[in-house]
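Remarks on the overall topology
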Amino acid sequence: MSDRRAPGELPLWRARDTRRWAACRPAVWSRPWWGALALAMAVGAVLVLAPGALAAPHCWLAAAQVYWLFRLPQLTLVSAPLSVALLVWLAEPMAALPVCAALAVCWAGARHRLAVRRRRRLLAANAAGDVRLRLPAPVPALRRRGLVPAAVGLPLCAVAAVPFLLPVALAGFTLLVTGLRAMRRAAALRRDELPVLRVLSREDEDTRVWVYAADDTAGRVPVFSCPVRPGSAIPDDDHAPGDSRLRDTLLFGAPFEGAELVLLSADVEHGPLIDRVAGPVRPVAG
C-alpha cells in the first residue's frame, strides 16, 4: 500500500509500524519481578543473619519500593537512590550492602523499562507524522482523573512524622503521586495537540478494547489492549458491552505501556460515534 495520503486525511497505523512498535519491548532482566525478588531476598537474608540491623521503617520502605517498582517506575528512579543513601547513613554495612545491591537492580530495571516506553511513544508519534489534533469535544471523564486519590493521599502524608504510622504515610504518598500523575496526563489529553492514528478496535466481554493495525482488517494480531471508561455522552443505541465487531477508530495520543488515550470509534455501519477514555495500555506479549 502507498504511504501517500490525501491532504487532510489522517494517517493509518499500519501493520509494519505496529510490528516495529511491538518489537520494542523491555528485556527479560528488567521485569519488575526480578527487582522485587532481589529486594525481598536481600531484606530477608539481613533479617535472618543480622537481626536488628534493619529497623521496621526500613522494612516498610522496602515494601513500598516493591509496589512502586511495579506501578510507579518513575518514582523508583528517585526512591531507590534515596533509600540507598538512607541505608548507608543509618544501617550497618552488613545490612546496607545486599539491600543496596538489590535496590540497584530495581533502579536499573525501572530505568530500562521507562526508556522502552519513551521509544514506543516516539515510534507511534512518528507513525502519525506531523498530524497533531486536539480532542474534538471535551471528555468529562478526564476532568475527574486523579482527584480522588490525590485528595485522599494528601492528608495521609501528614502522619509521616509519627514512626508507627509510617505505613499509612507511605500509602498516602503513593495515592498522592498516583493522583497527580493521572491529573497531569488527563490535562495533557485535554489541552495538548495529540498525535492521531487511524486503527481498528474491538471490545470484549470484559469491556477491554483491543487495538489492531488499520490494515489488519481480519483482526488477527492485536497490538495492545486497555480497559475503557465512558467519555463524552455521545449516544450509540447500537453499541453494547461485549460488542466484538471491528470498528474504525481514531487513536488520540501516542501509546506506550501504562499510557492513557482517547479512542473515537465509529459503528461498523457508519453509525454514531463512541468516545472512550482508555488506559492503562497493556502491550500484547510477543
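Residues numbered from 1 in each chain as written. Predicted model: local features only at pLDDT ≥ 70, side-chain atom pairs only at ≥ 80, totals over all residues. Heavy atoms only, no water.

Things to note about the packing of helix 2 (residues 32-49) against helix 5 (residues 93-127)
One way to put it is that helix 2 packs onto helix 5 with a least axis distance of 9 Å and a crossing angle of 170°. The orientation of helix 2 relative to helix 5 falls into the category roughly antiparallel. Along its contact with helix 2, which presents Pro32, Gly35, Ala38, Leu39, Ala42, Val43 and Val46, the element helix 5 presents Met94, Ala95, Pro98, Val99, Ala102, Leu103, Val105, Cys106 and Arg113. Residues belonging to the contact of helix 2 with helix 5 are distributed by class as follows: 14 nonpolar, one polar and one charged. (Axes fitted to C-alpha atoms, helices over the stretch in contact; angles between N-to-C directions. Helix = DSSP H or I, 4+ residues; strand = E, 2+ residues; numbered from the N terminus. Parallel < 35°, antiparallel > 145°, perpendicular 65-115°, else oblique. Contact = heavy atoms within 4.5 Å. Nonpolar A, V, L, I, M, F, W, Y, C, P; charged D, E, K, R; others polar.)

Some words on a nonpolar patch on the surface
On the surface, Val28, Trp34, Leu37 and Met41 cluster together to form a nonpolar patch covering roughly 420 Å² of accessible area. Along the chain, the position of leucine 37 falls in helix 2. (Patch = residues over 30% accessible without salt bridge, like charges linked within 9 Å, V, L, I, M, F, W, Y side chains within 5 Å. Areas by Shrake-Rupley, 256 points an atom, 1.4 Å probe, with all protein chains shown as cover. Salt bridge = Lys/Arg side-chain N within 4 Å of Asp/Glu carboxyl O.)

What to know about the environment of alanine 150
Here alanine 150 lies in helix 7 (residues 147-157). The sequence separation of alanine 150 and phenylalanine 173 amounts to 23 residues, and the corresponding C-alpha distance is 8.8 Å. Not counting residues within four places of it along the chain, the set of residues in contact with alanine 150 comprises Leu175, Leu176, Gly179, Leu180 and Met183.

With respect to a positive patch on the surface
Taken together, the side chains of Arg111, Arg118, Arg119, Arg121 and Arg184 present a region of like positive charge at the surface. Tracing the sequence through the fold places arginine 119 in helix 5. (Lys, Arg positive; Asp, Glu negative; His and termini not counted. Charge placed at Lys NZ, Arg CZ, Asp CG, Glu CD.)

Focus on the environment of leucine 175
Of note, leucine 175 is situated in helix 8 (residues 166-191). A C-alpha to C-alpha distance of 5.9 Å links leucine 175 and alanine 150, two positions 25 residues apart in sequence. When near neighbours in sequence (up to four residues on either side) are disregarded, leucine 175 contacts Pro149, Ala150, Val152, Gly153 and Leu156.

Points about the packing of aromatic side chains
Summed over all chains, the structure comprises five aromatic pairs. Ring centres of tryptophan 33 and phenylalanine 70 lie 4.9 Å apart, and the angle between their planes is 75°; this geometry places the pair in the edge-to-face category. Separated by 37 residues along the polypeptide, tryptophan 33 in helix 2 and phenylalanine 70 in helix 3 (residues 56-71) bring together distant segments of the chain. On the accessibility criterion, tryptophan 33 (65% relative accessible area) is exposed. Aromatic side chains tryptophan 68 and phenylalanine 173 sit 5.9 Å apart centroid to centroid with 70° between the ring planes, which places their arrangement in the edge-to-face category. (Phe/Tyr/Trp six-rings, centres within 6.5 Å; stacked < 30°, edge-to-face > 60°. Buried < 20%, exposed > 50% of the residue type's maximum accessible area, 1.4 Å probe, protein only.)

Brief notes about unusual backbone geometry
At threonine 207, a residue that is not glycine, the phi angle is positive and equals roughly 55°. Taking the relative accessible area as the measure of exposure, threonine 207 reaches 31% and is therefore partly exposed.

Topic: the pattern of salt bridges
Using the criterion set out here, one finds two salt bridges in the structure. Among the salt bridges present, the one from arginine 198 reaches glutamate 9, with a minimum N-O distance of 3.0 Å. Taken together, the positions of arginine 198 in strand 2 (residues 194-203) and glutamate 9 in the segment before helix 1 (15-23) put the pair 189 residues apart, joining distant regions of the chain. When its relative accessible area of 33% is taken as the criterion, glutamate 9 is described as partly exposed. A salt bridge links arginine 20 to aspartate 17, with the nearest nitrogen and oxygen atoms 3.0 Å apart.

Section: the nonpolar core
In this structure, Trp13, Trp21, Phe224, Leu251 and Leu261 are the most contacted members of the largest nonpolar core, which totals 21 residues. Those elements that provide at least two residues to this core are helix 5, strand 2, strand 3 (208-212), strand 4 (222-230) and strand 6 (261-266). Considering every element that reaches this core, the biggest residue donor is strand 4, with four residues. Formed by 20 residues, the second largest nonpolar core is a distinct cluster that contains Ala36, Leu39, Leu54 and Ala102. (Core = buried A, V, L, I, M, F, W, Y, C linked by side-chain atoms within 4.5 Å.)

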